[in-house]
Each structure stands twice: as structure tokens, then as C-alpha cells.
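Here is what each chain is made of, one letter per residue.
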Amino acid sequence: MAAVTSLRTQYPNDLIGVDDDAVRLRWQIDADDARQQTGSHIQVSHDPDFGSVLAERVDVGDRQLDCLAPGGEFVSRERRFYRVMAELDGVWTPWSPVCSVEVGLLTADDWRAKAVTLPDDPGAISMAPSPLVRAAFGVESSVVSARLYVTSLGAHSVALNGKVISDSLFAPGWSAYHQRLLACTYDVTEMLVPGENVLSGVLGDGWYRGRLGWNPGQDRCRYGTELGLIAQLEMTLDDGSIHTVVSDESWTASTGSIRFADIYDGCEIDFREAQDGWTSPGFDADSWKPVSVVDLDPVIIEPWISAPIRQVKELEVRCSEGPNGVVRVDVGQNISGYLAIEVAGSAGSEVVTHHAEVVEPGGALHLRALRSAIASDRFLLADDQPTMLVPEFTFHGFRYADIATDAEVLSVRAIVISSDLEERSSFECSHEGLNQFESNVRWSQRDNFVGLPTDCPQRDERLGWTGDAQAFAATANVLFDSHQFWLSWFRDLALEQTEEGVPSVVPNVVLEGEPRMGRAGWADAATIAPWATYEATGSTASLVQQLDSMIRWVSTLQSKRHDDGLLGGEFQFGDWLDPDAPASEPWKAKTDGDFIANAFFSHSARLTAEVAAVLGETAISVEHRSLADEMAALTWERWRDHARTTQTGCAVAIELGIAPVEEHPEVATMLASLVRAADGAVSTGFLGTPLVLPALSRHGHFDTAYLMLLRTGVRSWLYQVENDATTVWERWDAILPDGSIHDGIMKSIDEQGENPEDPHMLSFNHYAYGAVIDWVYRNVGGLAPTIAAPGYRQVLIAPKPCTQITNATTAIATGFGELRLDWAVADQQFTATVVVPFGSQGSFSAPTTDQSVVTVGDRVVTKPITLEHGTHHIAVTHPAVASPS
Ligand code: BGC
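In what follows, the accompanying structure is described. (Residues numbered from 1 in each chain as written. Predicted model: local features only at pLDDT ≥ 70, side-chain atom pairs only at ≥ 80, totals over all residues. Heavy atoms only, no water.)

Across its full length, the protein chain holds 14 helices and 44 strands. Against the globule reference of 29 Å for 885 residues, the protein chain gives a C-alpha radius of gyration of 28 Å, in line with a compact fold. Projected onto its principal axes, the C-alpha coordinates of the protein chain cover approximately 85 × 70 × 60 Å. Here the protein chain, with 885 residues, has 62% of them falling under the buried criterion. By element, 48% of the accessible surface of the protein chain is carried by carbon and sulfur atoms, the whole surface being about 31,700 Å². Charge-centre separation for the protein chain: the mean point of 62 positive side chains lies 3 Å from the mean point of 122 negative side chains. (Helix = DSSP H or I, 4+ residues; strand = E, 2+ residues; numbered from the N terminus. Rg over C-alpha atoms; globule rule 2.2 N^0.38 Å. Buried < 20%, exposed > 50% of the residue type's maximum accessible area, 1.4 Å probe, protein only. Areas by Shrake-Rupley, 256 points an atom, 1.4 Å probe, with all protein chains shown as cover. Lys, Arg positive; Asp, Glu negative; His and termini not counted. Charge placed at Lys NZ, Arg CZ, Asp CG, Glu CD.)

A separate point is the site of the ligand. Taken together, D455, R459, E461, W465, D468, W522, F573, W576, F686, E730, M761 and H766 are the residues near the ligand. Here an oxygen atom of the ligand sits 2.5 Å away from a polar atom, N or O, in the side chain of D468. H766 places a side-chain nitrogen or oxygen 2.9 Å from an oxygen atom of the ligand. Here the ligand, which alone exposes 310 Å², has 95% of that area covered by the protein. (Near = heavy atom within 4 Å. Polar contact = N/O pair within 3.5 Å; in protein donor to acceptor, adjacent residues only side chain to side chain.)

In terms of burial, strand β2 (residues 24-30) is a largely internal element, five of the seven residues being buried. Pairing analysis gives five bridges linking strand β1 (residues 3-8) to β2, with the strands arranged antiparallel. Along β2, the bridge assignment pairs R8 with R26. Relative to strand β5 (residues 67-68), β2 runs antiparallel, the two sharing two bridges. Pairing of L25 across the sheet is with C67, part of β5. (Pairing = 2+ DSSP bridges.)

A word on the sheet that holds strand β35 (residues 783-785). Pairing is mixed in the open sheet, where four strands are placed in the order β35-β36-β40-β43. With one partner strand each, in any of the chains shown, β35 and β43 (865-867) form the two edges of the open sheet. Between one strand and the next, the sheet's axes are offset by a mean angle of 30 degrees, whatever the strand orientation. Alignment of strand β40 (residues 841-844) against β43, held across three bridges, turns out to be antiparallel. Across the sheet, the residue bridging to S843 is T866, located in β43. (Axes fitted to C-alpha atoms, helices over the stretch in contact; angles between N-to-C directions.)

Another aspect to go through is the pairing of strand β3 (residues 37-45). One face of the sheet, then the other: side chains in a regular strand alternate in exactly this way. In terms of residue burial, β3 counts as a mostly covered element, since eight of its nine residues are buried. Both β3 and strand β6 (residues 79-88) contribute to a ladder of eight bridges, which runs antiparallel. Bridged to G39 within β6 is E87. As paired strands, β3 and strand β4 (residues 55-60) are joined by six bridges and run antiparallel to one another. Directly across from I42, in β4, lies its bridge partner R57.

This next bit is on the side chain of R711. When you line up the elements, R711 lands in the loop between α12 (702-709) and α13 (717-722). Beyond its immediate sequence surroundings of up to four residues, R711 is in contact with A678, D679, G680, A681, Y706, S716, L718 and Y719. (Contact = heavy atoms within 4.5 Å.)

What follows concerns the packing of aromatic side chains. Counted by the stated rule, this structure contains 35 aromatic pairs. Between the aromatic rings of F170 and W207, the centroid separation amounts to 5.6 Å while the plane-to-plane angle is 50 degrees, which identifies the pairing as tilted. With a gap of 37 residues between them, F170 in the loop between β13 (163-164) and β14 (181-187) and W207 in helix α1 (residues 206-209) connect regions that are remote in the sequence. A relative accessible area of 5% places F170 in the buried class. Looking at R80, its charged tip hangs above the ring of F74, at a distance of 3.8 Å from the centre. (Phe/Tyr/Trp six-rings, centres within 6.5 Å; stacked < 30°, edge-to-face > 60°. Lys NZ or Arg CZ within 6 Å of the ring centre and 35° of its normal.)

For side chains bearing opposite charge, pairing can occur when the charged atoms are close. Tallied over the entire structure, the rule returns 60 salt bridges. D187 is the partner of R147 in a salt bridge, and the nearest nitrogen-oxygen pair spans 3.1 Å. Taken together, the residues span a long stretch of sequence, with R147 in strand β11 (residues 143-153) and D187 in strand β14 at a distance of 40 residues. As a salt-bridge pair, R209 and D205 come within 2.9 Å of each other at their nearest N and O atoms. Judged by relative accessible area, which is 4%, D205 ranks as buried. Residues joined by salt bridges that share partners form a network here, namely D19, D21, R180, E302, R491 and D492. (Salt bridge = Lys/Arg side-chain N within 4 Å of Asp/Glu carboxyl O.)

Next up on the list: helix α3 (residues 466-479). The first and last C-alpha atoms of α3 sit 19 Å apart over 14 residues, in line with the 20 Å expected at 1.5 Å per residue. Remark: the principal bend of α3, roughly 55 degrees, maps to A473. The element α3 is extensively covered by neighbouring structure, given that 13 of its 14 residues are classed as buried. (Expected span 1.5 Å × (residues − 1). Bend = angle between axes of the 7 residues up to and from the residue.)

On to the packing of helix α9 (residues 647-655) against helix α10 (residues 664-677). Axes are the key here: two packed helices are described by the angle between their axes and the distance separating the axes. Where α9 contacts α10, the two axes come as close as 9 Å, and the packing angle between them is 155 degrees. Of the possible angle classes, the one that applies to α9 and α10 is roughly antiparallel. With respect to the hand of their crossing, α9 and α10 are arranged in left-handed fashion. Of α10, the residues touching α9 (which contributes Q647, C650, A651, A653 and I654) are H664, V667, A668, M670, L671, L674 and V675. Looking at the contact of α9 with α10, its residues break down into 10 nonpolar, two polar and no charged. (Parallel < 35°, antiparallel > 145°, perpendicular 65-115°, else oblique. Left-handed = near helix turned anticlockwise from the far one by under 90°. Nonpolar A, V, L, I, M, F, W, Y, C, P; charged D, E, K, R; others polar.)

Most of α12 is tucked away, with seven of its eight residues classed as buried. Turning to α12, its buried residues number three or more, namely F702, T704, A705, Y706, L707, M708 and L709. Buried-residue contacts for α12 involve α2 (432-448), α9, α10, α11 (689-698), α13 and α14 (772-780).

Moving on: the side chain of N448. Residue position: N448 is located in helix α2. Here N448 falls in the buried class, since its relative accessible area comes to 0%. Of the polar contacts made by the side chain of N448, one reaches the backbone nitrogen of C456; its length is 3.1 Å. Non-local contacts of N448, meaning those with residues more than four positions away in its chain, are made with P453, T454, D455, C456, P457, N765 and Y767.

What follows covers the sheet that holds β2. With antiparallel pairing, three strands are arranged side by side in an open sheet as β1-β2-β5. Two strands bound the open sheet, and with one partner strand each, they are β1 and β5.

Tracing the backbone through its elements, the reader meets L452 in strand β34 (residues 452-453). For L452, a relative accessible area of 1% puts it in the buried group. Between the C-alpha atom of L452 and that of D492, which follows or precedes it by 40 residues, the distance is 10.0 Å.

This paragraph deals with the packing of α3 against helix α5 (residues 525-537). Running from N to C, α3 and α5 cross one another at 5 degrees; their axes reach a closest spacing of 9 Å. On the basis of their axis angle, the class for α3 and α5 is roughly parallel. Packed against α3, whose contacting residues are T466, Q470, A473, A474 and N477, the element α5 presents A525, I528, A529, A532, T533 and A536 at the interface. Grouping the amino acids of the contact of α3 with α5 by side-chain chemistry returns seven nonpolar, four polar and no charged.

Simply put, disulfide is the name for a covalent bond between the sulfur atoms of two cysteines. Taken as a whole and judged by the stated rule, the model has zero disulfides. You can see C267 has no disulfide; the closest cysteine sulfur is in C221, sitting 18 Å from it. Free of any disulfide, C802 has its nearest cysteine sulfur in C429, 8.7 Å distant. Of the residues examined, C802 reaches a relative accessible area of 1% and is grouped as buried. (Disulfide = S-S within 2.5 Å.)

The step from A171 to P172 runs through a cis peptide bond, and the omega angle for that step is 5 degrees. Positionally, P172 belongs in the loop between β13 and β14. Residue P507 is reached from V506 by a cis peptide bond, and omega for that bond is -5 degrees. Residue placement: P507 occurs in the loop between α4 (483-496) and α5. At D89, a residue that is not glycine, the phi angle is positive and equals roughly 45 degrees. Take D89: it is sitting in the loop between β6 and β7 (91-92). Unlike most non-glycine residues, F393 shows phi in positive territory, near 50 degrees. On the secondary structure map, F393 appears in the loop between β29 (387-389) and β30 (396-405). Residue F393 is classed as buried on the basis of its relative accessible area, which comes to 8%.

Function cannot be inferred from these measures alone, as they are strictly geometric.
Here's what the structure looks like:
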């Protein structure tokens, strides 16, 4: 029988205590026979059994994605349940499974908790033991329901009656702390007992007070010198009374086994300093000091909206004997996380770890790429019992580690951490190298989506670089369900934006003197990333939320135009890390930075126009479209000849609509000849790389696109795979063709000449070049969302076989359900099985030649082929097969 099989909101299913954003419902329908949804009926209730209905709405039509739920505004703590029934060709399904949304504390007035910490905390001056805070309280009878609302200055871990409350790590994440501090909510009903209870917390420096950025000495305490736990426990007892326990002056503080912990440098845990039982009732806390209360205006606290950072995988490792008797660990995969090591030694035995992404030819860990990040953990044992060692409030980007110890190492495992986003897709084809590269890109996303989209997870950086994020946004959206993750970061982007523009890193922590604001291709994350999110998910949430920021960014650009109408003369990162730029000056790309600046200006204006049009803001749309056209025309007039000389110039001209449409085919031909002349070698940096294959294939140059995609020598995606990469490299030649490691030397942007203090830049885990995977899903996988009906409501299904890729299986978990394409070419015959979920519609573009006959099932068809939901078998004789050679 036809049924609505799944109903979801925009939030991860297990997240409670969210913000009061409009609830957006989506549902999936299982109905082989019905043709389409003709209507829907949504009900909202405070009661999971829908005894009484708070609001309901009946709609006509086929909308089953991004449906705004009725019910009006939320009040703090409110929980609502939703269900839906769908009308399919005039017949109603039964009610769907129920889903719910529970909001957190929405106003400053809701917060009675104060920020508490260790008095006279030496951590305000230099790294010091983590503050521990606790309170004991009585509960008179059984608890019917209880919520803990908690946030902190610094990172926290909270426990109730000796048990850690949540598996969130580094809560409350990293946001523009002075304007937006995220609060987490946990259901702790089952953890409370009648009698004495203890609520406790450990504080870590985290991003709030720990090191940030690459200038040692100026890099701690960016947001403040004092940590603070803000915890509010609200309990409803069986007699209906409500009791609240809040962090305040009555709490006490001390320190324990965590002697220091820093995200970049690692931690030290001395088990001899542990205060056994301090998180449980019955502990004697007489020697503890009253906490100090830190000033905090609760106005900045707002509920979280995205999945927390968690342990997402645990991996087996290989251990061997390393240099100087250390245990050398190979995780087999470059990860963000740490080791969990079980050892047995004696009181005072020391265990020290170091981490690295690669090993030097001589066998030592390559630590130089970490720059000033020490990335080392130290443990001191309390006794001779087997002890599990897991670092606290730190993580490392690594594949290899050395463990130095006299103790016996009993076992080692690798713990992977990430923002816990659902995987959205899978891809496998006949080309092993491409499969490995897809895996590498997925890992680079997992390793860098840690609270916010970062550049890299290993060195003294790990910042929300906006350029990297915009380059990768489309790919990120196909690999993981990143919608809420982006939405949260976009809020910080808009908050950190000023009249000077959008910062190069969000949250904005780059030091004064660096080119911090409004750089082309970086600041444009403001327009590009929300638009990519809309295309992939079909949700207008990112557009509604960000339109104002987009308009502000375009208006900053407007204000910088010179008399000739163009931008110019400012420092630009430009096509950063163009492989033809001097290795130590990655901003000196072949393609003129001023061309890039004006092209991205036009592009941002155009995207703002598109967004305004989607949201029905016609006047804004018209104004921005004409600005986009004007900037494109001026830019092309000025840089036409120059742009046609580089891969990035051509790709930008086509993909950002800078060249007039009628010139696109010719520019694409220029681009193809540049790529062929280079034998497929990539000569683009961060900005050109996402655009180059789309620019080629849009104009039919598939042979050339594949030549580039499947090249294996240096300056190619697969060169990394050949060199054993398990994540994406920052530089095309991070390992040089002779097997040595790139020296990574870089000059400072604002200086001339060499300087012994020059920074070093060499990461093996930077996702920007992985942006090509969006193209792979669309063209090798053959599944592309369309902007006119986003979120895969209309899918362009256009697989492009090539001589070196003879089959591919691709699946995407769309809002409608799984979309899947399996195709293969053999004996001049192309066959495909397509599964289109209910609510989605495919437009199949077969890889045909003049001799082809196309069949769907046993019907011979001529183009175009529309595929409704269901499973379809397609065959094409004499198919078109691209040839990269
Ligand atoms: C970061 C990049 C970033 C760049 C901008 C680097 O240090 O790691 O990925 O986009 O600086 O200049």
C-alpha cells in the first residue's frame, strides 16, 4: 500500500534544543503505482499521539521537500510533533511516522545560569590545568523529565552522577563567540536519581582561549582570558513541580589530571593528579574552592542547529618498531582525531605521542608541516594497572604517530572525529584511481568539517578559510548532508561581515595586517556557498538567511569601484597555489588578480540577483542582474585577451558568465587547446580548479576533460593517488616527482625578499582541489541536480562513459529518497539502471552517436527521455564514449 515512509525536519534526528527557525519538512513516499502526489496534509501537535492538534494545513500539489510547517512561533523549551499524509492521484495515504522538533532556550531571560570557573585560573596567562567545577544537589522524588542547557567560554564536557552526559566533543563548537555562543541541550531524565546528585563540568581552552593562528606569542586568549561553564538543569518531578539547578557562586572548583590541553599543541594528562570520584555523589569536595563567576551577557547565547562534533569512526592501526625504539603507528588513513592507547607500566611511567601526515624518506615523522603546532600528547601513569589513554580537548591531523614509552603498549586504535554529518552518497566506477580519489576527498571533508569548514586539520591554522569553503561547497553538499552545518557557519559569516566585506576566515581571527577582509573568491563564499546549498538540497533556508549578507557584500564591492568602473589595485589571493606561481608566493598566479576580482564581483552580483528572484524580491534581482551584466562587460573588455591565455581565465570567463554567451564555445575551444598543449596537466589554483572541467564539458569537450581528470603525472588529481595519498593535498606537488617532500617555503604576503622566519605551507589534507568531485558525480556518476527544480526534484541524468571508465554505480540520498544510477559499457552497448525516487523526475540524456538506438525497457525512444519515479532500464547501441588520449 502506498505510504509516507519517512518524515524529517531540517535537523539531525537526534538533535534537541534547536533554534526557532522555521521548521522545514520533507517526506518520502513509497508508491509504485501512483503517478504523483496531488496534495498533502500536515498536522502539528504537542502530543506524539495527536490527541489535540495545534495547527494543520492542507496543500494542493506535489511539494514534498522544504515544506514550511504550520504552527507559528515557538516559545522556549517547546516540543512539537509533526505528521503528514499525502494524497496520491486523489487517494490519501495513512499518516506518516511522527517526527519532532524541540527548541532550546530562546531568550536571554531564560538563562539564570552564570559562567563559573576556577578562581585565579593560571590558564589566563599560560597553558594550565583544566578547571573542574561541580555542584551537589538533592532531588526529592522521581524525575519525569529533565533537560540540561549548557554552553561555555572554552570547550566543555559535562557529567551527571559520574556519567558523561553526551558524546559531543569540543562543545559548544567554534562560532563568532563575542556575538554568538551556541548552547547545547541534552535530555538527562534517565540520569537523575532521588537523593543526592552531582552535576559537573571540565573546561578546556578550545578555540576560545587556546592557540589560534600562526604567530606564537600572540595566539592564545583570542576571545578572552577566563573560561566558564554555563549550565542550567531543569527538572520536572512526578508531582509536577519544576526544579532548576544552575551554575552559580554555590559551585566549587579544582583541577585534576588534565594538566593542559591545546588544540594545536596536544595535552598532558597526569593520572596521579586525578581526583577519583569527583563527578559522583559522596565525593569529599571540602578542599575545593568556591568558583569565580565570569561576566557574560546571555544575549549572545543561541541554540545550536547542527550536528555536534563526535567520534565518527574507530580504525584499526598497524604498529611496528620505529626509530629510537618508538612504536610507529600507521592508521592507513589520514584522519582528524587521536589515538586510544592501552598501556601497562608503573606509577610515573611516561607515554608520549607525536603525530604526522607523512614520513620522511629517512623514516622520521615529517613534523615540519605542522609549523608551530606541537601535536604531541603526554600521559603519566598513576599505577601498574592497564590504563586507557585518550587525549582531551585536542585533536591531530595525522596518519602516522610515534609512541615513546617504557610502559607496555597493549593496544592502539585510531579515533576519527568530525561534525557528525550523514553521508549522502556513494560512488564506485571501473577506475580504481578515481575511486580512491573520491574516497580521499570524502576523507578531507570529514577531517575538515570539524565544527566549521576548515582549511586543514594539522598545522597551526585549522581556520574557516572562506575561499576553500566556497571552492568546495558543491562537492561538500553531494558527499555529506551539510545543510545545517553550512547554515550555522553562514550565520557567523554574516555576523563577522563589515563594511569592508566578508573576512578571509570565519570566525575572523587572522591577525591584524593580514589581508583579512573582502578578498575575491574568499569573501564570495557569501554568495557561492548558500547558492550551492540551495541547488543540492532544494531548501531556501540558506537563501532567506543570507540574502542580506549577499547584498551587503555586493554593496561593499560597489563602493570600491574606481573611475573606470572596475575594481583594482588591492592584494588578492587570486588563483591561489596556481602551480605556475612561484612556490613561495602562491598568490602570484598566471591569471591576473584584478581580472579575478572583477569576475567574482560580477558573479556575486549575479548570484544575489538569482537568490532575490527565488525569494520574489524582484527589484533587488533586477538591480543586481544589471550590475552583474555591467561588471561582466567591463571585465571582458579589459581582460579578454589575457583571460584567454590561462586555464583559469577561460574557465572563469565561461563558468562565471564573464564572456558573452556567444563567445563561450570559442573560449571553451581555447581552453581545450591549452589543456591539450599541457597534456592534461592542471594549471589552476584554488579558484580555477572547481571551474575547469565544467567549462570544458559544458561545451562538449569531454575527451579533454577526461584527459585532465585521468592524468597521472605531476599536476593532476591522480598523481596524489599514485603517491599513496589518502586525503587531498594542498599543493599539486606536495610530494615531488623524485619522492622528496616539498619544502613548503613561503614568503610572507606583506614583505619583500626572504626571511628566515618565513612561514611554511604544506598540508596533505586541504579539500579545495577535491572540488572536482562535484563534476565527477554529475558526469561520471551521471547525476546532477538542476537549479530550476533544486534538491534533485529534477535530475539531469547524463553519464559520460569514456574508454578508461566503463562502468559506474552512484547513489545519492536525496530528500525524496535514494537516487541511483548503474551504468556499464561493453561490446558497443551501453546499459543503465536508474532508480528515481517518488517526487523526483529524471531527464535522461543518453550518450549517443548518429548510429545509436535508445531503448527504455523494451520501448525504442527518441530524445529527450523523461524518467518518472521507479526503476528504469535503458540501453543504447553504438554509444558515445569519450577518449582521453
Ligand atoms: C590556508 C588556505 C587559505 C590561504 C589563503 C592558507 O594558509 O591554508 O587554505 O585559503 O591561506 O591565503
